[in-house]
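Here's the letter readout for the chains.
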Amino acid sequence: MRRQAAIRAATARVVVTGLISGLVGTLLQAGLLFVTEEAIGVDSLVLGALPAALIGALYAQEFPQNVRALVLDSAVDLSSTMTEEQRDNTAGFEQALDEFLDDCAKDRGCVFHSGGDPRTALEQLRARFEQGVRIDGGDGERTVGVSEFYTALVAALYSRQDWPFLAEGLQSAAKHDDGTTLLLLNDFYAGRQDDGTYSNFQQVLGVIVCDDDAEPPVSFDDFRATYDQLSAQFPFFGPLFR
């Protein structure tokens, strides 16, 4: 109970004073969830994607008296290191990309079928973007380059339901230099609003992850070694995610 009281007190300081430094991690988010639940008197909660599974797990750990049942999608191993998490994350996206390309190669209805070899077509498109090519983004103002290309891929690989959009975007970019769909996927992932502003989700996620991670910074040599290892093991996303 003392620990619960401490979490609630830390949460209250943030709510009342706006104190941020050192109090922005996942444990605090669980405290905020507890305070919110008490304030509005709800008896069930549904959390969103990404860090929500970790927040839910910590909420159950710290406030078990409030939990009757818990369903976690993409549960997080709280004992893993940041390097292990990066490797698992990279492996997941590499596998999802392989499955997308294999499915597209077998399906003549896939618009990025590319004669049964969408992998080569993707590598060729990737090479163009890596060389600095930028194509029309379809909104009359922005263009699509290597950053938008990778972000669109990541955004669409979370769910099979998004594979048709990804195939359309890759085909349009490869054959017509049209980055409209890739830009839409990129904007969705980045939280772009209709007025051109962006949500702060990506920034908040980065701050929370840094606050959660007590591991000391690695040396450049160690970073380079991990980069080389991931690049060799996961040729498409390895260099990107490290």
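Read on for a plain summary of the structure. Each chain carries its own residue numbering, running from 1 in the written order of its sequence. Only residues with pLDDT of at least 70 are given local features in this predicted model, and only at 80 or more are side-chain atom pairs given and counted; all residues enter the totals for whole chains, interfaces and linings. Side-chain descriptors were evaluated using all non-hydrogen atoms of the structure, hydrogens and water having been removed beforehand.

What the protein chain contains, in helices and strands, is 11 helices and 2 strands. Secondary structure elements follow DSSP: runs of H or I of four or more residues count as helices, runs of E of two or more count as strands, with numbering from the N terminus. The order of helices and strands in the protein chain, counted from the N terminus, is α-α-α-α-α-β-β-α-α-α-α-α-α. Throughout, exposure labels follow a simple rule: accessible area from a 1.4 Å probe, protein chains only, divided by the maximum for the residue type, with under 20% read as buried, over 50% as exposed, and the rest as partly exposed. Burial analysis of the protein chain (242 residues in total) assigns 34% to the buried set. Throughout, a residue-residue contact means that at least one pair of heavy atoms, one from each residue, lies within 4.5 Å. Taking contacts inside the protein chain between residues at least 6 apart in sequence as the whole, the part at least 24 apart equals 60%. Per-residue and other accessible areas follow the Shrake-Rupley method at a 1.4 Å probe size, with only the shown protein chains counted as cover for residues. With the model as given, the accessible surface of the protein chain reaches about 14400 Å², and the carbon-plus-sulfur share is 53%.

Salt-bridge detection follows one rule: a side-chain nitrogen of Lys or Arg within 4 Å of a carboxyl oxygen of Asp or Glu. Following the criterion strictly, the structure yields 8 salt bridges and no others. Between aspartate 98 and arginine 119 there is a salt bridge, with its nearest N and O atoms 3.2 Å apart. Taken together, the positions of aspartate 98 in helix α4 (residues 82–106) and arginine 119 in helix α5 (residues 118–130) put the pair 21 residues apart, joining distant regions of the chain. Classification of aspartate 98 as partly exposed rests on a relative accessible area of 28%. Residue classification places arginine 119 among the partly exposed positions, given a relative accessible area of 36%. Where salt bridges share partners, they join Asp139, Arg142 and Asp187 into one cluster.

Another aspect to go through is α4. Multiplying 1.5 Å by the helix residue count minus one yields the expected span of that helix. Its 25 residues place the ends of α4 36 Å apart at the C-alpha level, agreeing with the 36 Å of an ideal helix rising 1.5 Å per residue. Among all positions in α4, only Thr90, Phe93, Glu94, Ala96, Leu97, Phe100, Leu101 and Cys104 are buried.

Moving on: the state of the cysteines. What counts as a disulfide here is a pair of cysteine sulfur atoms lying within 2.5 Å. Within this structure, the stated rule accounts for 1 disulfide. The disulfide that involves cysteine 104 links it to cysteine 110, with 1.9 Å between the sulfurs. Around the S-S axis, the bridge from cysteine 104 to cysteine 110 shows a dihedral of about -80° and counts as left-handed. By relative accessible area, which is 1% here, cysteine 104 ends up buried.

Our next topic: the packing of α5 against helix α6 (residues 146–156). Their axes nearest at 8 Å, the elements α5 and α6 cross at an angle of 145°. The segment α5 lies against α6, with Leu122, Leu125, Arg126, Phe129 and Glu130 engaging Val146, Phe149 and Tyr150. Side-chain classes are defined by residue name, with Ala, Val, Leu, Ile, Met, Phe, Trp, Tyr, Cys and Pro counting as nonpolar, Asp, Glu, Lys and Arg as charged, and the others, Gly among them, as polar. A per-class count over the contact of α5 with α6 returns 6 nonpolar, no polar and 2 charged. Angular values range over 0 to 180 degrees, each being the angle between N-to-C directions of two axes fitted as lines to C-alpha atoms, with helices fitted over their stretch in contact.

The next point concerns unusual backbone geometry. The phi torsion of most residues other than glycine is negative, and most of the peptide bonds are trans. Positive phi values are uncommon outside glycine, yet serine 114 reaches one of about 55°. Counting through the fold element by element, serine 114 comes out in the loop between α4 and α5. Judged by its relative accessible area of 33%, serine 114 is partly exposed. Even without a glycine there, the phi angle at aspartate 177 is positive, about 50°. Counting through the fold element by element, aspartate 177 comes out in the loop between α7 (163–176) and α8 (180–190). The class for aspartate 177 is partly exposed, based on a relative accessible area of 36%.

Here we come to α5. Helix length check: α5, at 13 residues, gives a terminal C-alpha distance of 18 Å against a target of 18 Å (1.5 Å per residue), a fit within 8%. Looking at the buried side of α5, the elements it contacts are α4, β1 (135–136), β2 (143–144), α6, α7 and α8. Positioned one or two residues after α5, glycine 132 has a phi angle of 105°, which is positive.

This part covers the packing of α7 against α8. Put simply, α7 and α8 touch, their axes get as near as 7 Å, and they point 135° apart. Accordingly, the angle class assigned to the pair α7 and α8 is oblique. Contact with α7, carried on its side by Phe165, Leu166, Glu168, Gly169, Leu170 and Ala173, involves Thr181, Leu182 and Leu185 of α8 and no other residues of that element. Partitioning the contact of α7 with α8 into residue classes produces 6 nonpolar, 2 polar and 1 charged. Here is the rule for angles: anything less than 35 degrees is roughly parallel, anything more than 145 is roughly antiparallel, 65 through 115 is roughly perpendicular, and the remaining ranges are oblique.

Below, the discussion takes up the side chain of serine 172. You can see serine 172 is positioned in helix α7. On the accessibility criterion, serine 172 (16% relative accessible area) is buried.

The values are spatial; any link to function lies outside them.
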